[in-house]
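Fold and geometry: a report
What follows is the residue order along each chain.
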Amino acid sequence: MTISHAPPGPTGLSAAPEKGLAPGSRTPPALEPIVPASVRRARLRSVPRWVRRTVGPLLLLALWQVFSATGVLHPDVLASPGTIGRAGGDLIADGTLPAAMGVSLQRVAVGLVLGGVVGTVLALVSGLSRLGEDLVDATVQMLRTVPWVGLIPLFIIWLGIGEAPKVALIALGVAFHLYLNVYAGIRGVDAQLIEAGESLGLNRWGLIRHVVLPGALPGAMTGLRYSLATAWLALVFGESINADAGIGFLMNQAREFFRTDVIVVCLVVYAFLGLTADVIVRTLERLLLQWRPTFTGQ
């Protein structure tokens with residue numbers, strides 16, 4: 001009995017046709033390169049971050065302009081971006097907008113300082129001592145549940161209609177946010193760090209200075225960011241109290257004359273000032289919290 005063998009291929013293996021090839025053909029099929037997901041993410045990260053962050057706002061602005069040009073958005077409902085830009089240029093040219101911004105910034109700064117000092121001091125008293133917590137925390141938590149915007153009539157009765165109620169409203173909103181976050185930061189310090197500090201011979205003030213306060217700093221910075229957002233919100237309500245200057249005053253005047261372009265300009269200014277303040281706080285946070293490794297995204 002004879003056994004037939006297939007002729008060996010170039011490598012000594014049987015010359016069976018490869019999968020995907022026609023019999024007798026030696027040309028391999030065209031292969032598509034596979035790009036790993038990490039490479040695709042690296043390509044996206046190669047685009048400057050400020051470009052990626054401006055894509056969304058620019059797309060929204062383009063849609064807004066298209067809807068205004070095609071008549072989908074009537075000018076009486078919402079002015080077009082071009083009209084708003086011209087209105088903002090006119091307000092800057094005649095000095096109205098810079099003067100209003102200066103008045104509003106002054107109110108926010110004074111209210112932020114007053115509220116920040118009060119909220120931080122109360123948080124330190126309540127967070128560092130059980131006796132202070134018993135005396136302070138329950139009262140602050142009770143007042144925190146009261147809508148601070150609803151206190152505007154009382155502020156007007158107590159403080160009049162000048163600058164005092166506006167600043168007090170801002171300070172009240174700032175104080176609660178800082179109190180909660182600083183208090184939580186103090187009570188969130190690891191007890192083992194306190195024990196380590198005591199074993200190294202630190203007294204109470206040394207523990208507070210070198211262990212407790214640095215450990216509470218991340219919470220304090222978060223509270224400051226919340227406080228700034230609340231300060232601008234409180235400013236909008238505060239400048240509705242018989243204001244004769246400021247960004248809110250411009251908005252009230254524009255509302256009476258149905259000037260949606262001026263109203264949007266004021267809103268953009270509010271957003272710009274709030275964003276600028278947040279960027280400053282985030283920069284300060286990066287400088288003060290360099291010791292804390294954090295996840296920054298992939």
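My aim in this report is to walk through the structure given alongside it, one point at a time.

Reading guide: rules and limits
- Residues numbered from 1 in each chain as written.
- Predicted model: local features only at pLDDT ≥ 70, side-chain atom pairs only at ≥ 80, totals over all residues.
- Heavy atoms only, no water.
- Helix = DSSP H or I, 4+ residues; strand = E, 2+ residues; numbered from the N terminus.
- Buried < 20%, exposed > 50% of the residue type's maximum accessible area, 1.4 Å probe, protein only.
- Contact = heavy atoms within 4.5 Å.
- Salt bridge = Lys/Arg side-chain N within 4 Å of Asp/Glu carboxyl O.
- Core = buried A, V, L, I, M, F, W, Y, C linked by side-chain atoms within 4.5 Å.
- Arc of directions from axis to C-beta.
- Patch = residues over 30% accessible without salt bridge, like charges linked within 9 Å, V, L, I, M, F, W, Y side chains within 5 Å.
- Areas by Shrake-Rupley, 256 points an atom, 1.4 Å probe, with all protein chains shown as cover.
- Lys, Arg positive; Asp, Glu negative; His and termini not counted.
- Charge placed at Lys NZ, Arg CZ, Asp CG, Glu CD.
- Phe/Tyr/Trp six-rings, centres within 6.5 Å; stacked < 30°, edge-to-face > 60°.

1. A word on the overall build of the chain
The number of helices and strands found in the chain is 11 helices and zero strands. If you list the helices and strands of the chain from N to C, you get α-α-α-α-α-α-α-α-α-α-α. Classification of the 298 residues of the chain by burial places 30% in the buried group. Of the contacts made within the chain by residues no fewer than 6 positions apart, 69% connect residues no fewer than 24 positions apart.

2. Concerning the pattern of salt bridges
Within the structure shown, the criterion is met by five salt bridges. The salt bridge partner of Arg 107 is Glu 163, with a shortest N-O separation of 2.8 Å. Of this pair, Arg 107 sits in helix 4 (residues 96-128) while Glu 163 sits in helix 7 (residues 163-187), and the two are 56 residues apart along the sequence. Exposure remark for Arg 107: the relative accessible area of 3% places this residue in the buried category. A relative accessible area of 39% places Glu 163 in the partly exposed class. Residues joined in a network through salt bridges with shared partners are Arg 107, Glu 163 and Glu 239.

3. Things to note about the nonpolar core
The biggest cluster of nonpolar side chains holds 47 residues, and the ones touching the most others in it are Ile 170, Trp 232, Ile 247 and Val 265. For this core, the secondary structure elements donating two or more residues are helix 3 (81-93), helix 4, helix 5 (130-144), helix 6 (152-159), helix 7, helix 9 (204-238), helix 10 (247-256) and helix 11 (260-288). The residues contacting Ile 247, other than those within four sequence positions of it, are Ala 100, Met 101, Ser 104, Glu 239, Cys 266, Val 269, Tyr 270 and Leu 273.

4. Considering helix 10
Listed in full, the buried residues belonging to helix 10 are Ile 247, Gly 248, Leu 250, Met 251 and Ala 254. All buried residues of helix 10 project into a common sector of 155° when viewed along the axis, lining one side. On its buried face, helix 10 is in contact with helix 4 and helix 11.

5. Let's talk about the environment of Leu 91
Note on placement: Leu 91 falls in helix 3. Under the relative-accessibility criterion, Leu 91 is labelled buried at 12%. Taking the C-alpha atoms as reference points, Leu 91 and Val 262, separated by 171 residues in sequence, lie 8.6 Å from one another. Once residues lying within four places of it in the same chain are set aside, the contact partners of Leu 91 are Thr 96, Leu 97, Pro 98, Val 262 and Val 265.

6. Quick word on a positive patch on the surface
Residues Arg 49, Arg 52, Arg 53, Arg 282 and Arg 286 make up a contiguous surface patch of positive charge. Taken together, the elements giving at least two residues each to the positive patch come down to helix 2 (49-69) and helix 11. Here the positive patch gets three residues from one element, more than from any other, and that element is helix 2. For Arg 282, the position within the fold is in helix 11.

7. A closer look at the packing of aromatic side chains
Taken as a whole, this structure holds two aromatic pairs when the rule is applied. Both rings, one in Phe 155 and one in Trp 158, keep their centres 6.3 Å apart while their planes meet at 55°; by these two values the pair is tilted. With Phe 155 and Trp 158 both in helix 6 and three residues apart, this pair spans about one turn of that helix. A relative accessible area of 10% places Phe 155 in the buried class. Judged by its relative accessible area of 59%, Trp 158 falls in the exposed class. Taken together, a centroid distance of 5.9 Å and an interplanar angle of 10° make the contact between Tyr 179 and Tyr 183 stacked. Placement of the pair is Tyr 179 and Tyr 183 together in helix 7, with a separation of four residues, close to one helical turn. Taken as a pair, Tyr 179 and Tyr 183 share a single burial class, namely buried.

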